[in-house]
Each structure stands twice: as structure tokens, then as C-alpha cells.
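Each chain is listed here by its residues.
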Amino acid sequence: MTALVAIATVFILLFYFYTVFTVGRSRAKYKIEAPAMTGHPEFERAVRVQVNTLEWLIIFLPAMWLFAAYVNPTIAALLGLLWIVGRYIYMRAYLKEPSTRSTGFGIQAFASAVALFGGLIGAVVALFTGGGGA
Amino acid sequence: MTALVAIATVFILLFYFYTVFTVGRSRAKYKIEAPAMTGHPEFERAVRVQVNTLEWLIIFLPAMWLFAAYVNPTIAALLGLLWIVGRYIYMRAYLKEPSTRSTGFGIQAFASAVALFGGLIGAVVALFTGGGGA
Amino acid sequence: MTALVAIATVFILLFYFYTVFTVGRSRAKYKIEAPAMTGHPEFERAVRVQVNTLEWLIIFLPAMWLFAAYVNPTIAALLGLLWIVGRYIYMRAYLKEPSTRSTGFGIQAFASAVALFGGLIGAVVALFTGGGGA
């Protein structure tokens, strides 16, 4: 079921695009001309959400694919879903009040850690048994 | 023809490196010492071009590979070429005058959308037919 | 030995996470509230290290996998190790004194260039001979 991981990847990228889009909308709303990246707290929060999503997506996407290749693709896709849920909760919370961002952040960090360390263990097992792999 | 997608990937990464290099050159030209990220409009524009290229590369690279795996690798590589062309037009325009950046931006956004939604459709079809996939 | 490249990928992502973690720790130490990205030179250096690591990771990770697919996976994993070593030296140097960052930077740039151009040559050869590839 690698196709499920591919579908999860598209939704992760679409969610990320949504954070980029939110920055652009906020830039227009508060009339902040490019290349300025500051000027209104709400715009700056939208920027931080987008940047933080990118920073973690960089970790999560390869980790999810390693988990899919060396452990299980269906569980990998479910981790992808969990990651998006955590990221969405984080985004809503951060845009309202940055100090409330830890719940959603924790959910996506948990999904990332499971994917990363699961993928690592799976790859180490494959190294010694010759099994699995993309 | 997966090799064509690999070659397109290298050129996409080289183009991205070119935007990173442009920031460094601009930093030297205007004598802006690291870690400062502001100090001259031209430097700040170069930074924005580089960051925006990174933000979209994150979407485009996985999308192009999904399109290659689930739809067609040759068309995927051509989308990669189109993406670079759009990005180059965007870069030239932004560095001269940020407000003229929409043409190139639109071209690369079109290539990204085709890769992303084409890949999604291909993966959904593969999920129900058992065909395709990396 | 694709599993070795997978393991290298996890360690690259963990190193990157370490640069993200260093930013968070520095933010707490100097009491810089989100979404502020400035406020203390040490914090700003940690941010620059993290952003620069992300910028190059974006180039290195796909390049390492192309090198693994079209040239040799074991050498690809060793390039990954070299990249982490260069990045670590760069990080230590930058946090102490930004002007001393070039040694580590050069090491990781060398690993990146070998992976990228090696991968390109391998993919071009595969295109004309029909061999190799993921």
C-alpha cells in the first residue's frame, strides 16, 4: 500500500501550501509589502507557523517514507494523517495565542519521532537480515 | 525514463543553489555581516527569492517524483524543466522590482499544481487498481 | 546496501533536529518570546545555523539518494557521514564566532557537490545505457 503513503504525502504538501497561503493572505490583509517579513503580530505569527511547518516537514516526509519502506506503509500513512492533525491544531492555536501551541506541536512531534526511530530500527534490521527496503 | 527525473532533480537543486549563491554574493557586495538578514533592499530581495524558491521546491520535488511514479516519468521531467523556467523568470523579475514577480510565479505554481494533483490522481488510481507506484 | 543510506538519512535528520533544538534552547535562555526571531546575537547565530543547515539539507538529501541509486549506496552513506561532520564543525564554529565558519562549511559543500555531480553523471550514464536507477 505504498499508494497510501503517496496520497498522505500529497495531503501533507497541500497542508504546507495552506500555511504558505495563510502568510500571503495575511500580507495582503495588513498591507505588508514584499520583501518585508515584519509589520503586524498576526502576520508574524502566520510566518512562524509556515516556517515551523516547513522545518518539521523536512524531517517528517523522509522519515515517513523510511518507515513505509522498512516497517509498514499503511501505518506510515496513518502517521502522516496524525502529523497533519497535530500541525492543524498547532496552527490554529499559534495564530490565536503563541503560548498555547504546545498540544498540537506535541502531537506532530510524536508522529515524527515514531516515523524517524521506527524507520531507523527497520533499516538497521534490514541491514543485518537483508530484508525490506525501497 | 526515471533517469530523466533524476537529471531534472539535479538541475532543480542546482538552480536552488544559484539562489543561495546570489544571497551570498549580495551579502558580500553590500558588506552585510552574518548573521544579519537585513541592511539593503537588493540583499533582502535576494533572500526572499531564495526562501521562496526553497518553500516551493519542498512542494515540487516530492510532487514531481509522485507524478513520475504514478503517471509518467518523461512528463514529470518536463514539468521539472517548466518549474525551473518559471522560477528563473520569477527571480529576474523580483530582483528588479518585487511587484512584477507574478508571471514567473504563476508558471512554477502551474507546474507544481499539475505535478501534485496529477500525482494524487495517479496514486488514487493505483490504490484501487493495484498498478503503478515506486 | 540501501539500508545504510536510510540510516544515514535518519542521522542527518537527527542532526538537523539538533540545530532546531539549539534554537529553542537559546530562545528560552535569552527569554526571547515567539514569534520574535531577533534579540540576542547568540540566539541569532543559532537561528542562522539552523536555517543554513536546512537550506543545504534540501540539496544534500536528494543528491545522496540519487548518488545511491545511480552510483553506489555505500559511498553515498559515507558522504552522508562526511556531511554531518562538516555541518557539526560549521555549527560549533559559527556559534562561537561567525567568521570562522568556512572550514566546516567547505567540508559539507564538498560532500554535497560530490553527491550532486556524481548523481548527475550516474543518471546521464543510466539514461544512455538503461542501467541503474531506483
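Figured I'd write up the structure that's included with this text. (Residues numbered from 1 in each chain as written. Chains lettered and ligands numbered in written order. Predicted model: local features only at pLDDT ≥ 70, side-chain atom pairs only at ≥ 80, totals over all residues. Heavy atoms only, no water.)

Between chain C and chain B, the residue contacts involve 22 residues of the former and 23 residues of the latter. Between chain C and chain B lies a buried interface of about 1900 Å² when both sides are counted; carbon and sulfur atoms form 83% of it. Inspection of the chain C/chain B interface yields zero salt bridges. On inspection of chain C and its partner chain B, the count reaches three residue pairs in polar contact (both at pLDDT 80 or more). Of all the elements in the fold, those that place two or more residues in the side of chain C that touches chain B are α2 (41-70) and α4 (102-129) of chain C. Considering each element in turn, the side of chain C that touches chain B owes the most residues, twelve residues, to α2 of chain C. Looking at the side of chain C that touches chain B residue by residue, the class counts come to 17 nonpolar, no polar and five charged. (Contact = heavy atoms within 4.5 Å. Buried area = accessible area lost by both parts, 1.4 Å probe. Salt bridge = Lys/Arg side-chain N within 4 Å of Asp/Glu carboxyl O. Polar contact = N/O pair within 3.5 Å; in protein donor to acceptor, adjacent residues only side chain to side chain. Helix = DSSP H or I, 4+ residues; strand = E, 2+ residues; numbered from the N terminus. Nonpolar A, V, L, I, M, F, W, Y, C, P; charged D, E, K, R; others polar.)

It takes a turn of 120° to lay chain C on chain B, together with a shift of 0.0 Å along the axis; the resulting RMSD is 0.0 Å. Viewed as a symmetry operation, the transformation between the two copies matches a three-fold axis. The share of interface residues of chain C whose copies in chain B are also at the interface is only 9%, consistent with the copies meeting through different surfaces. (Least-squares fit on C-alpha atoms with pLDDT ≥ 70 in both.)

Between the two copies of the chain lies a relationship made up of a rotation around an axis and a movement along it. For the match of chain A to chain B, the screw axis carries a shift of 0.0 Å, the RMSD comes to 0.0 Å, and the turn is 120°. When the interface residues of chain A are mapped onto chain B, a mere 9% of them again fall at the interface, so the copies present different faces.

Right, let's talk about the side chain of N52 of chain C for a bit. By the element assignment, N52 of chain C lies in helix α2. Apart from the residues lying within four places of it in its own chain, the contact partners of N52 of chain C are R87, Y90 and F105 of chain C.

Residue-level contacts link 23 residues of chain A with 22 residues of chain B. Around 1900 Å² of area is buried between chain A and chain B when both sides are counted, 83% of it from carbon and sulfur atoms. The three residues of chain A that bury the most area against chain B are V10, L13 and P35 of chain A, which together make up 26% of that side's buried surface. Counting only elements with at least two residues in the side of chain A that touches chain B, the list comes to α1 (2-29) and α2 (41-70) of chain A.

Everything listed here is a matter of geometry and, on its own, says nothing about what the molecule does.
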